[in-house]
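Residue strings, one per chain:
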Protein chains: 4
Amino acid sequence: MSTNSFGHLFRVTTWGESHGPAIGATVDGCPPGVAIDEAFIQQWLDKRKPGQSKFTTQRREADEVRILSGVFEGQTTGMPVQLLIENTDQRSKDYSEIAEKFRPGHADITYWQKYGIRDYRGGGRSSARETASRVAAGGLARAAIAALVPGVEITGYMTRVGIHEIDRTRFDAAEIGNNPFWCPDAQMAATWADYLDGLRKSGNSVGAVVEVVAKGVPAGLGAPVYGKLDTDLAAAMMSINAVKGVEIGEGMAAAMLTGEENADEIFMGNDGQPVYSSNHAGGILGGISTGQELVVRFAVKPTSSILKPRQTITKSGEAAEIITKGRHDPCVGIRAVPVGEAMMACVILDHLLLHRGQVGENRGRIG
Amino acid sequence: MSTNSFGHLFRVTTWGESHGPAIGATVDGCPPGVAIDEAFIQQWLDKRKPGQSKFTTQRREADEVRILSGVFEGQTTGMPVQLLIENTDQRSKDYSEIAEKFRPGHADITYWQKYGIRDYRGGGRSSARETASRVAAGGLARAAIAALVPGVEITGYMTRVGIHEIDRTRFDAAEIGNNPFWCPDAQMAATWADYLDGLRKSGNSVGAVVEVVAKGVPAGLGAPVYGKLDTDLAAAMMSINAVKGVEIGEGMAAAMLTGEENADEIFMGNDGQPVYSSNHAGGILGGISTGQELVVRFAVKPTSSILKPRQTITKSGEAAEIITKGRHDPCVGIRAVPVGEAMMACVILDHLLLHRGQVGENRGRIG
Amino acid sequence: MSTNSFGHLFRVTTWGESHGPAIGATVDGCPPGVAIDEAFIQQWLDKRKPGQSKFTTQRREADEVRILSGVFEGQTTGMPVQLLIENTDQRSKDYSEIAEKFRPGHADITYWQKYGIRDYRGGGRSSARETASRVAAGGLARAAIAALVPGVEITGYMTRVGIHEIDRTRFDAAEIGNNPFWCPDAQMAATWADYLDGLRKSGNSVGAVVEVVAKGVPAGLGAPVYGKLDTDLAAAMMSINAVKGVEIGEGMAAAMLTGEENADEIFMGNDGQPVYSSNHAGGILGGISTGQELVVRFAVKPTSSILKPRQTITKSGEAAEIITKGRHDPCVGIRAVPVGEAMMACVILDHLLLHRGQVGENRGRIG
Amino acid sequence: MSTNSFGHLFRVTTWGESHGPAIGATVDGCPPGVAIDEAFIQQWLDKRKPGQSKFTTQRREADEVRILSGVFEGQTTGMPVQLLIENTDQRSKDYSEIAEKFRPGHADITYWQKYGIRDYRGGGRSSARETASRVAAGGLARAAIAALVPGVEITGYMTRVGIHEIDRTRFDAAEIGNNPFWCPDAQMAATWADYLDGLRKSGNSVGAVVEVVAKGVPAGLGAPVYGKLDTDLAAAMMSINAVKGVEIGEGMAAAMLTGEENADEIFMGNDGQPVYSSNHAGGILGGISTGQELVVRFAVKPTSSILKPRQTITKSGEAAEIITKGRHDPCVGIRAVPVGEAMMACVILDHLLLHRGQVGENRGRIG
C-alpha cells in the first residue's frame, strides 16, 4: 500500500517535489528483455516539457531523464527501473508570501491541514511537475507494450479549451502535432491561440478537455469488478493534477441516451474478430476491453494561479489578498495531453501483465 | 492484489454471481468496537432492493444479510466481517439462448473472450446483483464512520434521467425519499415517472446521472498522488456497473470556466475553521478534503437489456438477432443511488483510517 | 492491504471465528478453466479434520466445504471463489472463566490489549480452526497448479516430536499415511505414539517440527527482493498458529557450515536441465527456484492449553490460576502438516502466476 | 503489488544494482513532522559499510546517502522519501568469466533461468549491496519510531559463527560495539577472530546466526492472521541475502519443549502492566506484541564466493570449473547485523502505523 504508487503489476511510484534536487519514478514489474534507452523516454518528456510555447509556463527545465537501474546493455532486466530527472530551474525567489498565504484552488491549505508541514516552494509535491515522472514511466510502458503486443497506438489531444470545442467533422489526426495545443482541428487551433492569448494577457486562465485514444488494444484486458479497465483508467486520469471529471466512451452524455441509441451491435468481421456498429462504450464492456478503440476523456480545471487578486487567509487565520505571480500555464490542459497518454500506456501495460498472469495466452475464441 | 477488492485499509472484497447460491462481501480492516447488527445493514440493502416500484426490475430478492464473522456481542472485533446474502429468486429458466448469443452492451462477449468460460445465468458476476454486496459493506462503513467522526451525512439522489434534468432551484432534500427515483425535485419526479413509463412500455431504457454528497467530512482526507480522495472516489464510482463518467465538483464543466470563475476564495469562519466562497472544487483540493461538502456525480448508461431486437453474434461466430426478455430495470440509475452512497461511505472510512495511520490526530492548525 | 489476506495474485482472504456460524476463504485470482469440485477440496480438509485419533483434539467437526461462487459447471471462472465451512460443533459451555482470565501462551491477552474486544469463545479468530480455511484454499491451489504445471507433488510430514527426531536413513514416503503423525519413519511413529500418550495423560503437550517438500516445481519462481520464494514461504509458514521458526534447506544449520561444505555444485543433466550435487539451498537461490525440491521446515510450539495449573491475571488485573480444560491437541504439530502443505501450494501457484505475468513463457535457456 | 517493496503502510521500495550508477530506497508512508537529516541516516550506513575490518569485503564504498525528496527544513513532509546512494567503487574488471559461468550458491543461474537476462556485474540486483538501501530506510524508520514511541531500542548482534556459539552467561551488551563482529561475548569475539582468519586465509567462508532484539515496543502491534508481527518479521529477515532460517523467541527449539516448559506465566507488574515469568514466545502471542522484548534470530549461510575450485556449468551448458576471486566477505553474517536491525525498525514502524490506522489510540486496558 503506497499512495504514491499506481498499477497492479506494472507498479509506478513517483517521488519528488517541484523545487527539490530531483524528481523521479521507481518502476517495478516491467517485463525483462524490453529494449529501452534514455533517448526513447526523452522523446515523451520533451512533449510535456514546459516553455515550448507562450501558452505554457515559462519555467525552463531540461527534463533530462537518467535511467539508474533495471536496464542492462539496452534491455530491461525485470528489476526496478529508477527514472530520475533533476530539477534545474528552481529559480531562487522569495517564498515568504506563499509560505504564509494559502493560494485559492491550490493544495496549499489542504496539505497544511493534513500534514502540518508542507514544502511550499513551487507547490512542492502537489506541483504539476510531478507529472514528468509519469511521462517517463509512460515511455517505459510504451516500449514494453510494443514488445508484447505490436501495433498499439496511444494518441492524446485536446477537444475543448474553455467555451471552444473542436468540430469532430474536421478531425485530422495529422494536425495534432502541428500546433502547440495537440489540437486535431486546425481551424480550432487558431481560435484557441487567440482565445488563450487574450486570457493570458488578462492574467486569467481556462479549463480544457483532453481525449486519449488507444488503438490496437486486444480484447480481454481489465479485471472485474474493482480492477476494471475503466475503473483503473478513471483513477489514472483523475489522479492527474487539476482533473475534475473522467469519461469513458459516451461518458456523461450516456445519461441522455436510450438503450436503443446506446446499443453497440455486434457483427463478425472479415478477420474472424467481432466488429461493432458503433463505440458508445469506449471500447470497454463489463470492465473488459472489446478490442475496439479505448476512448477516455478528462476535464482539466483552469489553472488556479492567476494574476487577479483573490481573497484568502494566512496560516495564522488572518484574511489576506493574494495575486499569484510566477511562471504559470494559462491552460494547464495543454501539458496534460502527454500525461494522459502516459497514464493510458501504464494502465494498458499493467492489464496486459495482469491478464497474462491470471489467464495466460489462452482465452475464449469466437467461431 | 485482488481485482475484486476495493480500499486501502478498509478493504472490501465482494464475491458471488447473480444465480449462484449466495453473494457477499468479505470486509477486512474495520476498526474494533463499532456497534453493528444485521438490522442496521439491512436498512441500506432495503433501499437498493429490486422490485420496489414498477421502475426497477421485478426480480424478487429478500436480500437478507447475515453477519458470519467479525462481530461479537453487537460490536466489531477488528477481524474480517463476512456479510452473506443468499440468492433466493434465481428463477429457473431456459438459458440456452443467452449461453450462445452475446447480448450487445453486456459483458457477455468480453468475459468470454477474456476467460473462455462464463457463468451466463443472469449475467453471473457482471450482474448488478453484485452491488448488493457493496451496499452491505457500505452499511458497515457508515456505522464505523459514525463511531469515528460524528455528524457525517451521505446522501445520494438522481439529477437527470435521460433528457430530463432536475431544476436546482427546486432542490429539496426532504423530497428525496418521497418518490421512487431518489429525486430532490418533486416536479421532476413526476416528469420522470411519465417518461420512464413510456420507455418501459416501449421496451426501451434510458441513462441517468446520480449525485452523491457527503457533509461533515473533516479536512485532511486523501493521500497524494495516487491515493487522492478524488482518485479513489472516481475509481469507486466507475467500478459500479454501467457507469461511464465520474465528476468531482464542477466536473466536466470545469473545462468551460476561467480561473477567475472557478476560484473558491477562502475566508475564516466564525468557528475558527476556513470557509469558502463557493465549492467548484467539490470539497477536494490537491486530492485532499477541504472540509466542505464532497460532491461526486456519475453517469449511468441506459440498461442494455431492451426489448428491441438487435444484431449480435453467437459463440460460434454466426450472426444472430437478440431480444433480451427478463426482469430488467428501465433505468438502472435508480438502484445505483444507494450503491453510490455505499461507495462514498467506504472511501471516506478508508481515508479516515489511512489518515489516522500516517498522520494520527495531530495536523496543521490554522489560526 | 488486508492483514487477513495472503498471496500476490492468487489472493486468499480467510475469515471466521472458532465458534461463529461459519469460517471460510475468499479466494481471488484463480485462473479460469480449472476443474474443481467440493469433493476434491474435501479430501484435503479431511486430512486436517480434528478427532481422527486420540492424538488430536476431540472436537468433532464435519468440516464440509461448500463452494459458493467462482465455479461454473465444474470449472473455475476466474471470479472469486468463496469456500465456506460451517461450524457445527460449537459445544455450548460456560465461557465465563476464559472471558475473564487470559490463558498463558494464548492470544487472549494480546487480542484484548490490541482491540479492547475479543471473541473469546474457543479462541475466536486466533483458534487453529482458522487453518481449515487455508486447507480449503490450498486444495483449490493444488487443482490450479495441476492445470498449469503437471507433475508437481507437495508432501508434508513430521520430523520431530519433542525430543524424538526421525532417523533420515529410515525415511519412507510410503509410511507417511500409515500412522496418525504423518511420520515417514515407521519406527519413530511407534515411539511418538507412546511419548504422546504419556504427555496426553499427564495433561501436558509438546512441540514438533514439520517438513514440507515440493517436487516438480519449475526453475524460475520467486521474485527478488521482497517477493522471493523463500520470503513468501517463510511468511506463509510463520503465519500458521503456534509456529516459531521457519527454515529453508539447511535452515539454521547453515550457520554451522563452511562455504565449501554448503556448496551445491552444478552439472548438466541428461535431459538438458541443470542438476546439482546436493540441495543445501532447499531449491532456492537468490529467492528463485532452481528446479530442485523445495524444502521448508517449521517448528510448532507445544499447545499452550494444558491441564497443569499456571499463573495468570484477569482482565481486571487480579492474579489468578488457570487450568485449561477442553478438547485440545497434545501436539498441534500433527494437524499443522496439511496446513503447511496448503500454504506451500498457495505460494507455488501464486508465483507461477506472478512469473507468467511479468515474464511470460520465455526465459533463459541453458545450452 | 511490487516484489521490490516491503511493508504495509511504511512502504519501502529498493532499487539498483551492485555496479550501476546508484542504488536507493523509495520510502512512502512516513509520518510527517519527523526530524531527519542525512547525518542521522549515515550513522547506520556506516555500521554496514564494507571494508571496515579484514573480516568483511575490501570493496570501498563511501555509501553516502542523499535525501532527494520528502524532507523539508529538516522534517519529513509525509511525501515519499527518496534515499539515494551512489556506487563509487565499481572496480572495472573483466566480467567475461562471470558472464558465462554460473557461480554455485549464487543467484546467477536462477536469474538467468527466470529472466533470460541479468546484470552479472558484481551480482547485479542480487548483490548484498542492495542491503545498504534497507539500512538507509531503517534509519528513517528509527527516527519515526522515536517520534511516535519514545524509548524503543533495537539491537542486533551475532550469536554464532560456524561452530562457535556465544556463551549467554557472558552476554554483555556493552561489548557489542567493541569488536568487528557485533559480538556480545568478548571471549567469543577473540575466538571468532582466529577462526575467521583461518577460514579467510584458506579461501573458505562460514555461516552465522544473528539475533535482533527490540525493547520498549508497546503491546498490541501485529495484525492477524497474515500480517502477524512474527509473520512480517520472518518475511523481513528471510528476504535478506543468504538467510536460510528465521526464529522468534525459542524458535526451532520450541519443538523440543513441553507445554509446561514453554509456558510464559502472566503476572501484574508494579506499573500496572502485565509482566511475564519468561519470554519463550519472543514477545509475540497470536501474532501480536506482548510488550516484552521482541526476539528474532536468523541464520546466514556461508558466503558462496570462495577461493576453492568448484564444478559448475556455463550458459551454453558446458561443464566448467570456477574459482570466485574478488573482494568477498568470509562471513557475510557480520554485515547482516545492521541489516537485521533495519528490517526490525521497518517492521515495528509499519505496525505502529497500521495499529493506529485500524485501532487508534484506544485499546483494551487491564485493571
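Within any chain, residue numbers begin from 1 and follow the written order of that chain's sequence. By the order in which they are written, chains take letters starting at A while ligands take numbers starting at 1. Thresholds applied to this predicted model are a pLDDT of at least 70 for local features of residues and 80 or more for the giving and counting of side-chain atom pairs; totals over whole chains, interfaces and linings are not thresholded and use all residues. Side-chain numbers come from the whole structure's heavy atoms, not from hydrogens or water.

- As recorded in an unreviewed UniProt entry, chain A goes by Chorismate synthase and comes from Seohaeicola zhoushanensis.
- Taken verbatim from the UniProt record of chain A, the Catalytic activity (unreviewed entry) comment is "5-O-(1-carboxyvinyl)-3-phosphoshikimate = chorismate + phosphate".
- A UniProt comment under Pathway (unreviewed entry) is attached to chain A, and it reads "Metabolic intermediate biosynthesis; chorismate biosynthesis; chorismate from D-erythrose 4-phosphate and phosphoenolpyruvate: step 7/7." UniProt positions are given in the numbering used here, feature names are shortened, and annotations may be inferred rather than shown by experiment.

1. Observations regarding the overall build of chain A
- Under the DSSP-based scheme used, a helix requires at least four consecutive residues in state H or I and a strand at least two consecutive residues in state E, with every element numbered from the N terminus. When helices and strands are tallied, chain A shows eight helices and 18 strands.
- A compact globule built from 367 residues should have a C-alpha radius of gyration of about 21 Å, and chain A, at 21 Å, falls within 12% of that.
- Projecting the C-alpha coordinates of chain A onto the three principal axes gives extents of approximately 70 × 50 × 35 Å.
- Split into buried and exposed, the 367 residues of chain A put 70% on the buried side.
- Of all intrachain contacts in chain A linking residues separated by at least 6 positions in sequence, the fraction that spans at least 24 positions is 70%.
- Per-residue accessibility takes into account occlusion by the displayed protein chains alone, with areas from the Shrake-Rupley method and a 1.4 Å probe. Accessible surface, chain A as shown: approximately 11100 Å² in total, 48% of it carbon and sulfur.
- Positive charges come from Lys and Arg, negative ones from Asp and Glu, while His and the chain ends are left out of the count. Just so you know, the charge point we use is NZ for Lys, CZ for Arg, CG for Asp and CD for Glu. Taking the 38 positively charged and 42 negatively charged side chains of chain A as two groups, their mean positions are separated by 7 Å. Between the two quantities, the radius of gyration covers C-alpha atoms and the globule rule is 2.2 Å times the number of residues to the power 0.38. Only protein chains enter the accessibility calculation, which uses a 1.4 Å probe; a residue whose area is less than 20% of its type maximum is buried, one above 50% is exposed, and one in between is partly exposed. Two residues qualify as a contact provided that any one of their heavy atoms is within 4.5 Å of a heavy atom in the partner residue.

2. Here's the deal with the packing of helix α4 (residues 131-148) of chain C against helix α8 (residues 333-358) of chain C
All names here are of chain C.
- Note on definitions: angles span 0 to 180 degrees between N-to-C directions of axes, and those axes are lines fitted to C-alpha atoms, for helices only across the stretch in contact. Between α4 and α8, whose axes approach to 7 Å, the crossing angle comes to 45°. The angle between α4 and α8 places the two elements in the oblique class. Handedness of the crossing formed by α4 with α8: left-handed. In contact with Thr131, Arg134, Val135, Ala137, Gly138, Ala141, Arg142, Ala144, Ile145 and Leu148 of α4, α8 contributes Pro338, Val339, Glu341, Ala342, Met343, Ala345, Cys346, Ile348, Leu349, Leu352, Leu353 and Arg356. Every angle not falling under 35 degrees, over 145, or within 65 to 115 is termed oblique; those three ranges are roughly parallel, roughly antiparallel and roughly perpendicular. Left-handed describes a crossing whose near helix is turned anticlockwise from the far helix through less than a right angle; right-handed describes the clockwise counterpart.

3. Quick word on unusual backbone geometry
Residue and element names in this part refer to chain B.
- In this model, Pro224 is joined to Val225 through a cis peptide bond whose omega is -5°.
- Within the element layout of this structure, Val225 appears in the loop between β10 (208-215) and α6 (229-238).
- For Asp63, which is not glycine, the phi dihedral falls at a positive 50°.
- Relative to the elements of secondary structure, Asp63 occurs in the loop between α1 (38-48) and β4 (65-67).

4. Topic: helix α1 (residues 38-48) of chain C
All names here are of chain C.
- Every buried residue of α1 is listed here: Ile41, Gln42, Trp44, Leu45 and Arg48. The arc that holds the buried residues of α1, viewed along the axis, is 165°, so those residues lie on one side.
- Looking at the buried positions of α1, the neighbouring elements they touch are β4 (65-67), β7 (81-86), α4 and α8. Directions pointing from the helix axis toward each C-beta atom define the arc.

5. Let's talk about the relation of the copies chain B and chain A
- When chain B is fitted onto chain A, the two copies agree to an RMSD of 0.0 Å after a turn of 180° and an axial shift of 0.0 Å. Such a combination of turn and shift is consistent with a two-fold rotation axis.
- Here 100% of the interface residues in chain B have copies in chain A that are interface residues too; the copies meet face to matching face. What sets the superposition is a least-squares fit of C-alpha atoms, and only residues with pLDDT of at least 70 in both copies go into it.

6. Topic: the UniProt feature "binding site: FMN" (unreviewed entry) in chain A
- UniProt tags Arg125, Ser126, Ser127, Asn241, Ala242, Gly286, Lys301, Pro302, Thr303, Ser304, Ser305 and Arg327 of chain A as "binding site: FMN" (unreviewed entry).
- Counting through the fold element by element, Ser126 of chain A comes out in the loop between α3 (108-115) and α4 (131-148).
- In this view, Ser126 of chain A contacts Ala107, Tyr111 and Asn241 of chain A; residues no more than four positions away in its chain are not counted.
- Among the polar contacts made by the side chain of Ser126 of chain A, one reaches the main-chain carbonyl oxygen of Gly123 of chain A at a distance of 2.8 Å.
- With respect to the helices and strands, the residue Pro302 of chain A is situated in the loop between β16 (294-300) and β17 (310-313).
- Relative accessible area serves as the criterion here: at 2%, Pro302 of chain A is assigned to the buried category.
- If sequence neighbours within four positions are ignored, Pro302 of chain A has contacts with Ser205, Val206 and Gly207 of chain A together with Ala254, Leu257, Thr258, Gly259 and Asn262 of chain B. For this analysis, a polar contact is any N or O atom pair within 3.5 Å, provided that within protein one partner can donate a hydrogen and the other can accept it, and provided that sequence-adjacent residues contribute only side-chain to side-chain pairs.

7. Focus on the interface of chain B and chain A
- Each partner contributes residues to the interface: chain B has 113 residues there, and chain A has 113 residues.
- Two parts placed together each lose some accessible area; with a 1.4 Å probe, that loss summed over both constitutes the buried area. Where chain B abuts chain A, roughly 8500 Å² becomes buried across the two surfaces, and 63% of that area is made up of carbon and sulfur atoms.
- It is Lys114, Tyr226 and Lys244 of chain B in chain B that bury the most area against chain A; as a group they hold 11% of the surface buried on that side.
- Only one rule defines a salt bridge in this text: a Lys or Arg side-chain nitrogen within 4 Å of an Asp or Glu carboxyl oxygen. Our count for the contact surface shared by chain B and chain A stands at two salt bridges.
- One salt bridge in this structure joins Glu260 of chain B and Lys308 of chain A, with 3.9 Å as the shortest N-O distance.
- Where chain B touches chain A, the interface holds 55 residue pairs in polar contact (both at pLDDT 80 or more).
- Each residue gets one of three labels, nonpolar for Ala, Val, Leu, Ile, Met, Phe, Trp, Tyr, Cys and Pro, charged for Asp, Glu, Lys and Arg, and polar for the others, Gly among them. Its residues placed into classes, the side of chain B that touches chain A shows 54 nonpolar, 41 polar and 18 charged.

8. Let's talk about the relation of the copies chain A and chain D
- Each copy of the sequence occupies a distinct position, and chain A is placed on chain D by a rotation of 180° and an axial shift of 0.0 Å, giving an RMSD of 0.0 Å.
- When the interface residues of chain A are mapped onto chain D, 100% of them again fall at the interface, so both copies present the same face.

9. What to know about the UniProt feature "binding site: NADP(+)" (unreviewed entry) in chain A
All names here are of chain A.
- Using the residue numbers shown here, the UniProt feature "binding site: NADP(+)" (unreviewed entry) corresponds to Arg48 and Lys54.
- Secondary-structure assignment places Arg48 in helix α1 (residues 38-48).
- For Arg48, a relative accessible area of 1% corresponds to the buried category.
- Beyond its immediate stretch of four places on either side in the chain, Arg48 contacts Asp63, Ala128, Arg129, Thr131, Ala132, Val135, Arg335, Pro338 and Val339.
- Looking at the secondary structure, you find Lys54 in the loop between α1 and β4 (65-67).
- Discounting chain neighbours no more than four positions away, the residues touching Lys54 are Asp197, Arg200 and Pro330.

10. Regarding the packing of α6 of chain B against helix α8 (residues 333-358) of chain B
All names here are of chain B.
- Close contact between α6 and α8 brings their axes to 10 Å; oriented N to C, the two are set at 145°. Where α6 crosses over α8, the two elements pack in a sense that is right-handed. In this structure, α6 uses Leu229, Asp232, Leu233, Ala236 and Met237 to contact α8, whose residues at the interface are Gly340, Met343, Met344, Val347 and His351.
- Residue composition of the contact of α6 with α8, grouped by class: seven nonpolar, two polar and one charged.

11. So, the packing of aromatic side chains
- Two rings from Phe, Tyr or Trp (for Trp, the six-membered ring) form a pair when their centres sit within 6.5 Å of each other. Planes less than 30 degrees apart are called stacked, planes more than 60 degrees apart edge-to-face, and all others tilted. One pass over the structure, following the stated rule, counts 28 aromatic pairs over all chains.
- On the numbers, 6.0 Å between centres and 90° between planes, the contact of Phe181 of chain A with Trp192 of chain A is edge-to-face. Taken as a pair, Phe181 of chain A in the loop between β9 (164-165) and α5 (186-201) and Trp192 of chain A in helix α5 lie far apart in primary sequence, 11 residues in all.
- Judged by relative accessible area, which is 1%, Phe181 of chain A ranks as buried.
- Residue classification places Trp192 of chain A among the buried positions, given a relative accessible area of 0%.
- Of the aromatic side chains, those joined through ring pairs into one cluster are Phe72 of chain A together with Tyr95 and Tyr120 of chain D.
- Across the ring face of Trp112 of chain B, the terminal group of Lys315 of chain B is positioned such that the distance to the ring centre comes to 4.3 Å.
- Counting as a charge over the ring demands two things of the Lys NZ or Arg CZ atom: a distance within 6 Å of the ring centre and an angle within 35 degrees of the ring normal. When the ring centre of Trp182 of chain C is taken as reference, the NZ or CZ atom of Lys47 of chain C above it lies at 4.6 Å.

12. Re the environment of Tyr157 of chain D
All names here are of chain D.
- Within the secondary structure layout, Tyr157 lies in strand β8 (residues 153-161).
- Sequence separation between Tyr157 and Val209 is 52 residues; the distance between their C-alpha atoms is 8.6 Å.
- With residues near it in sequence (within four places) discarded, Tyr157 still touches Arg168, Phe171, Ile176, Trp182, Pro184, Val209, Val210, Glu211, Val213 and Val337.
- Within the structure, Tyr157 has its side chain in polar contact with the side chain of Glu211 (distance 2.5 Å).

13. Re the side chain of Asp232 of chain C
Residues and elements named next belong to chain C.
- Secondary-structure assignment places Asp232 in helix α6 (residues 229-238).
- Buried within the structure, Asp232 lacks any salt-bridge partner; Arg11 is the closest side chain of opposite charge, at an N-O distance of 9.3 Å.
- Discounting residues that sit within four places of it in the chain, Asp232 has contacts with Phe6, His8, Tyr226, Gly227, Val347 and His351.

14. Quick word on the sheet that holds β8 of chain D
- An order of β9(C)-β8(C)-β10(C)-β16(C)-β11(C)-β11(D)-β16(D)-β10(D)-β8(D)-β9(D) is seen for the 10 strands of this open sheet, with the pairing classed as antiparallel. Every interior strand has two partners, whereas the edge strands, β9 (164-165) of chain C together with β9 (164-165) of chain D, have only one.
- Pairs of strands are assigned from DSSP output, requiring at least two bridges between the strands. Relative to β9 of chain C, strand β8 (residues 153-161) of chain C is paired through two bridges, and the arrangement is antiparallel. For Val161 of chain C, the partnering residue across the bridge sits in β9 of chain C and is His164 of chain C.
- Where α6 of chain C meets the sheet, its contacts fall on β11 (243-248) and β16 (294-300) of chain C together with β11 (243-248) of chain D, and the angle it forms with β11 of chain C comes to roughly 155°.

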